[in-house]
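These are the residues of each chain, in order.
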Amino acid sequence: MLRPRDTPKCHSKSSSCVLSLQKSANSVIKALKSTTSIDVYSDEKPGRGLDELLQRRDIEAVIVLLPILVLPDVIRKCLAAGKHVLAEKPIAKDIATGRALIAEYESTYTPRNLVFSVAEHFRYDTGFVNASEIVASGTIGELQHVVNPALRFSKGAQGRLCAGPDTTVRVEGGDGNAVSEEIFWVDGNVNEIGAFVQAIAAGKGDRAGSPREALADVAVIESVCAGGGLVQSHEILS
């Protein structure tokens, strides 16, 4: 697991740019232009849209942050252009859409050593990783339930889900006594990007960020929305 200090640094000749697909982001574009040297692309500007961005040979990888309904098509476009992709979660709106995307990636782009990862940052957060290792070791016996007070809704139903800046992870045994209780800085975002960079260097994605793992999360959400029930992981991609 990467730590912040281990995150690979970009080469001095690497390129950075940002693409805006919405008019509402115009203020962000103006702010970037005035404060950074990052190249800014926008579909509102002829010759400076997504197609032109993906034609750049100095851009090897992209991070895609888009609404769920348009995300899969843009991921496909980036992969087709030969770019490694780190995409926002969830991978798709439903299992069927996710399956189709994964099938295309594994059959067409995995042989080309292109990395497609999904930014499920909790899978990279040191606190949750350590807790999962304790559970997997069998120290506390069979897992009965998980309580996550680090996540909370603010400002009622119209609020947002937020966390941190630090996370207290307490693991209890069957007797209610703490097996482990530690405070961790929330570092999932830093670690997932570091893992993505390392995966590109290796030419192979890591398990925590794999599309198959992300699809399993979609399956759980669908199950909850349908009233609950056990999700059979071997059936997700069948």
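The chain has the name Gfo/Idh/MocA-like oxidoreductase N-terminal domain-containing protein in an unreviewed UniProt entry, where Blastomyces percursus is given as its organism.

Draft legend 1. Summary view of the overall build of the chain. Scanning the chain from N- to C-terminus turns up seven helices and nine strands. A buried classification covers 33% of the 238 residues belonging to the chain. When contacts within the chain are restricted to residue pairs at least 6 apart in sequence, long-range pairs at least 24 apart make up 57% of them. Within the structure as shown, the chain displays about 14,700 Å² of accessible surface, and the carbon and sulfur contribution to it stands at 54%.

Draft legend 2. Region of interest: the confidence of the model for the chain. For the chain, mean pLDDT is 75; residues scoring 70 or higher make up 68% of the total. In the predicted structure, residues 1-13 sits below a pLDDT of 50 and forms 18 contacts with residues beyond four places in sequence or in another chain. In the predicted structure, residues 150-164 sits below a pLDDT of 50 and forms 18 contacts with residues beyond four places in sequence or in another chain.

Draft legend 3. How the structure looks around the pattern of salt bridges. Considering all chains together, one arrives at nine salt bridges under this definition. Salt-bridge contacts for R56 lead to D58; the nearest nitrogen and oxygen are separated by 2.8 Å. In this structure D58 comes out as partly exposed when scored by relative accessible area, which is 38%. Here R212 and E106 are joined by a salt bridge, their closest N and O atoms 2.7 Å apart. Of this pair, R212 sits in helix α7 (residues 211-225) while E106 sits in helix α4 (residues 95-109), placing them 106 residues apart in sequence. Shared partners join several salt bridges into a network, and the residues in it are R123, R207, E213 and D217.

Draft legend 4. Looking closely at the nonpolar core. Grouped together as the largest cluster of nonpolar side chains are 29 residues, with contacts concentrated most on V64, I75, L79, V85, I91 and F116. Elements represented by at least two residues in this core include exactly α2 (50-54), β3 (61-64), α3 (71-80), β4 (84-87), α4, β5 (116-118) and α7. Among residues more than four places away in sequence, those in contact with L79 are V85, Y105, Y109, R112, L114 and F116. One finds L86, V115, A119 and A199 within the second-largest nonpolar core, a separate group that totals five residues.

Draft legend 5. Expanded view of helix α5 (residues 126-137). An ideal rise of 1.5 Å per residue puts 16 Å on 12 residues; α5 measures up with 17 Å between its terminal C-alpha atoms. Among the residues of α5, T126, G127, V129, A131 and I134 are the ones counted as buried. Immediately downstream of α5, the backbone of G138 shows phi near 85°, a positive value.

Parameters at a glance
Residues numbered from 1 in each chain as written. Predicted model: local features only at pLDDT ≥ 70, side-chain atom pairs only at ≥ 80, totals over all residues. Heavy atoms only, no water. Helix = DSSP H or I, 4+ residues; strand = E, 2+ residues; numbered from the N terminus. Buried < 20%, exposed > 50% of the residue type's maximum accessible area, 1.4 Å probe, protein only. Contact = heavy atoms within 4.5 Å. Areas by Shrake-Rupley, 256 points an atom, 1.4 Å probe, with all protein chains shown as cover. pLDDT = per-residue confidence, 0-100. Salt bridge = Lys/Arg side-chain N within 4 Å of Asp/Glu carboxyl O. Core = buried A, V, L, I, M, F, W, Y, C linked by side-chain atoms within 4.5 Å. Expected span 1.5 Å × (residues − 1).

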